[in-house]
Each structure stands twice: as structure tokens, then as C-alpha cells.
Amino acid sequence: MSAAVLPSAVAPAPRAWRTDLPVLLVAVVWGSSYLAAHGITTARTVIAVLVLRFAIVLPVLVAAGWRRLRALTTAQWRGAGLLGLVLSGIFLLETYGLVHTSATNAGLIISLTMVFTPLAEALVTRTRPAAGFLTAAGLSLAGVVLLTQGGGFTAPCGGDLLMLLAALARTVHVLAMARVTSVRDADSLSLTTVQLGSAVLVFAVLAAAPGTGPAPWTVAAGFGAAEWAGLLFLAVFCTLFAFFVQMWSVRRTSPSRVSLLLGTEPLWAAVVGISLGGERLGPLGVAGALLVLAGTAWGRYAADRKPRQKAAPVPVTTA
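Residues numbered from 1 in each chain as written. Predicted model: local features only at pLDDT ≥ 70, side-chain atom pairs only at ≥ 80, totals over all residues. Heavy atoms only, no water.

**Remarks on the packing of aromatic side chains**
And step 1. All chains considered together, the criterion is met by 4 aromatic pairs.
And step 2. Ring centres of Phe 54 and Phe 203 lie 5.2 Å apart, and the angle between their planes is 70 degrees; this geometry places the pair in the edge-to-face category. Of this pair, Phe 54 sits in helix 2 (residues 46-64) while Phe 203 sits in helix 9 (residues 188-208); the two residues are 149 residues apart in sequence, bridging distant segments of the chain.
And step 3. You can call Phe 54 buried: its relative accessible area is 0%. (Phe/Tyr/Trp six-rings, centres within 6.5 Å; stacked < 30°, edge-to-face > 60°. Helix = DSSP H or I, 4+ residues; strand = E, 2+ residues; numbered from the N terminus. Buried < 20%, exposed > 50% of the residue type's maximum accessible area, 1.4 Å probe, protein only.)

Here it is as C-alpha cells:
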């Protein structure tokens, strides 16, 4: 439910494409994050790596947006902090899930977000999901299944459940960004900073607890050049850039549209795996990639045709 009605039902307006492109770039970097995270994270270092990942960008954000941070109201701080708690849960679930299951299972399960979001949005707004949008999401999901068949499925495990919970948490985060009233007219950079700060606080508390693995500085001291490059990629692109764009875009379009574009993440994970990881994409994988692209394009078209819903508008801001 976009806050503005697109002028054409045939193709997205240029403004829509400008909104969609950054979200698609987020899907690309998130698809790349699987390879980066696998290279620097183990089951014992999950929390330490998360502390480092978030703490790297937080001082830069605070310094760059100090004036706007001071302008936030108490309600806006509280709303952004709540979103940050959800964000910390997403990262904990995803990272622990990733190190306890196969990349194939993880990529498939997390992509369920693109199905959960339109269903949850329809439930919250008490509206029936557009049939075309749901069909497009199902087509994309079928493509993900084929795309991930190249590596083969492993038996379900605890990591799979964590990834399923992460997909649900992603849905909650996308919907909350559009519906938390206190943050609707606030500066996007400031809200991103507060979210990341809230998440860092959660991870720091967990890192200080006994039995949660080595301290962040101990893990950092053991990193080489490759590990630091991977960590910086996760921090700057997969964290800072990704969630700033998500916050910015969800206020200019619908949560379902954002989720569908982010649902191309497994496709880009396959591209990175082939180009950098030496993996091969068989006939089923090629068919799956085409289905993901076709489903996403169809879903964007269906989202553009959907009338504006007054029950839950997504405001367009200049932030």
C-alpha cells in the first residue's frame, strides 16, 4: 500500500524504479553476505562478530548525524529503539542459523519472508492480498526451490528452525518500519543510527555474559586481512547501507513490494557462489533463477496496480 498512486498500470513510473533499484542492490549485498559470513564466523564467535560488525559503523553514524539525533523526540527514540530490538533478533537468528545449517537450506528458508510479508500485511490491514501478487510470490518461491537444488537439501535441523524464525522476524521488522507511528516523520539516518545502537547494546550485553564465546576484542585480534575485509563488507554494505535503504524505501512504497525485491537475495547468492565460490548452476538452477526474476517482475507489476489502502498508509517523506 503505497502512499502515492502510480500514474500507470502498465509499467512502474520512473520514480518507482529509482526506489526499487537501491532495494535490489540490498538484495545483491545480502546475497553476498553468506559467503562473507561463512568466512569469518563460527558457532562460538557469532556474538563477538555481531558486536564488531555493528560497532564499526556506529561511531561514524553518530558523528555524521549528531544534530539530527538530538532533534529526535522521546517517542522517536523509543520507536527506533524498539525496531532495533527486532533487528538484533533478526541478526542473532540468522547468524546462528547460518552456522548450524547448510547454505542451501538457509537461502531457501529465509526467502519465505517474501510470502510471509504480504500475508501479514493483509492480516494487519484486514484486506485480501492481491491474487496476482501472491501468485508472483509463489512463483518466486518455486524459483528459489529450483535455484537451491544444485547443492541438495540436508535433513532439517535446529538451524533450519532458526532461519524460519528469522524469516518471520524480517517480516515483523518490515511491517513495523511502515506502521510505528512515532518514527514516520523522523529523519531516516537518525532512526537507522538508533536502531543499530540498540542492536549493539543487545549484543554487548550478551557478549559480557558467561559462556557466550570469546570476547569481541579477542576475536578481532585473531583476524587476518581477509577476515577484516569480510567484516568491513558485512558492516558497511550488509548492515549500514542495507538497513538505511530499507528504512528509506519502505516509506515510499509498500512493505510487500520491498519484501519481494529483497526476495531475490538467493538469486544473487547463487551468482556470487558461481563467480567467486566456484559453484556450478545446473539446468534446475537456471530455471529457478529465471522464475525468481519473472516472479519479482510480475509482483512489482501487481503491486503497482493495487489501489491505495487508507487503513495503513506508508508516508512519503523527504528524509
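**Observations concerning the nonpolar core**
Across soluble globular proteins, nonpolar side chains have a tendency to be buried as a group.
And step 1. Ranked by internal contacts, the top residues of the largest apolar core, which has 62 residues, are Trp 30, Phe 54 and Phe 203.
And step 2. Broken down by element, this core gets its largest block of residues, 11 residues, from helix 2.
And step 3. If sequence neighbours within four positions are ignored, Trp 30 has contacts with Arg 170, Cys 238, Ala 242, Phe 243, Gln 246, Leu 262 and Glu 265.
And step 4. Phe 133, Ala 137, Leu 267 and Val 292 belong to the second largest nonpolar core, which has 11 residues in total. (Core = buried A, V, L, I, M, F, W, Y, C linked by side-chain atoms within 4.5 Å. Contact = heavy atoms within 4.5 Å.)

**Re the pattern of salt bridges**
And step 1. This structure, assessed with the given rule, holds 2 salt bridges.
And step 2. Salt-bridge contacts for Asp 187 lead to Arg 68; the nearest nitrogen and oxygen are separated by 3.4 Å. Here Arg 68 lies in helix 3 (residues 66-71) and Asp 187 lies in the loop between helix 8 (158-179) and helix 9, a separation of 119 residues in the sequence.
And step 3. Given the relative accessible area of 16%, Asp 187 is considered buried.
And step 4. Residue Arg 68 is classed as partly exposed on the basis of its relative accessible area, which comes to 39%. (Salt bridge = Lys/Arg side-chain N within 4 Å of Asp/Glu carboxyl O.)

**Some points on empty space enclosed by the protein**
And step 1. For the structure shown, the criterion picks out 3 cavities of 30 Å³ or more.
And step 2. Lining the largest cavity are 19 residues, with Ser 33, Arg 53, Phe 91, Glu 94 and Thr 95 positioned closest to its centre.
And step 3. Taken together, the elements giving at least two residues each to the lining of the largest cavity come down to helix 1 (14-40), helix 2, helix 4 (74-99), helix 8 and helix 11 (225-250).
And step 4. In terms of residues, the lining of the largest cavity owes the most to one element, helix 4, which gives 5 residues. (1 Å grid on protein atoms, 1.4 Å probe; cavity = no way out; pocket = protein on both sides within 12 Å on 5 of 7 lines; lining within 4 Å. Points joined across faces, edges and corners; volume = space filled by probe spheres on them.)

**A closer look at the side chain of Arg 53**
And step 1. Here Arg 53 is to be found in helix 2.
And step 2. Put simply, Arg 53 is tucked away with no salt bridge, and the nearest opposite charge, on Glu 94, sits 6.4 Å away.
And step 3. Discounting chain neighbours no more than four positions away, the residues touching Arg 53 are Phe 91, Leu 231, Leu 234, Ala 235, Cys 238 and Thr 239. (Lys, Arg positive; Asp, Glu negative; His and termini not counted.)

**Focus on the side chain of Thr 212**
And step 1. Of note, Thr 212 is situated in the loop between helix 9 and helix 10 (216-221).
And step 2. For Thr 212, the side chain forms a polar contact with the main-chain oxygen of Leu 206, separated by 2.9 Å.
And step 3. Among the polar contacts made by the side chain of Thr 212, one reaches the main-chain carbonyl oxygen of Ala 209 at a distance of 2.8 Å.
And step 4. In this structure, Thr 212 is in contact with Arg 44, Ile 47, Leu 206 and Ala 207, ignoring residues within four places of it in sequence. (Polar contact = N/O pair within 3.5 Å; in protein donor to acceptor, adjacent residues only side chain to side chain.)

**Section: the environment of Ala 176**
And step 1. Along the chain, the position of Ala 176 falls in helix 8.
And step 2. For the pair Ala 176 and Val 86, spaced 90 residues apart in sequence, the C-alpha separation works out to 9.2 Å.

**Quick look at the packing of helix 9 against helix 11**
And step 1. Two elements in contact, helix 9 and helix 11, have axes separated by 10 Å at closest approach and are oriented at 130 degrees. Relative to helix 11, the element helix 9 lies oblique. The handedness of the crossing between helix 9 and helix 11 comes out as right-handed. Only Thr 239, Phe 243, Phe 244, Met 247 and Trp 248 of helix 11 make contact with helix 9, whose side of the interface consists of Ser 188, Leu 189, Leu 191, Thr 192, Gln 195 and Leu 196.
And step 2. Broken down by class, the residue content of the contact of helix 9 with helix 11 amounts to 7 nonpolar, 4 polar and no charged. (Axes fitted to C-alpha atoms, helices over the stretch in contact; angles between N-to-C directions. Parallel < 35°, antiparallel > 145°, perpendicular 65-115°, else oblique. Left-handed = near helix turned anticlockwise from the far one by under 90°. Nonpolar A, V, L, I, M, F, W, Y, C, P; charged D, E, K, R; others polar.)

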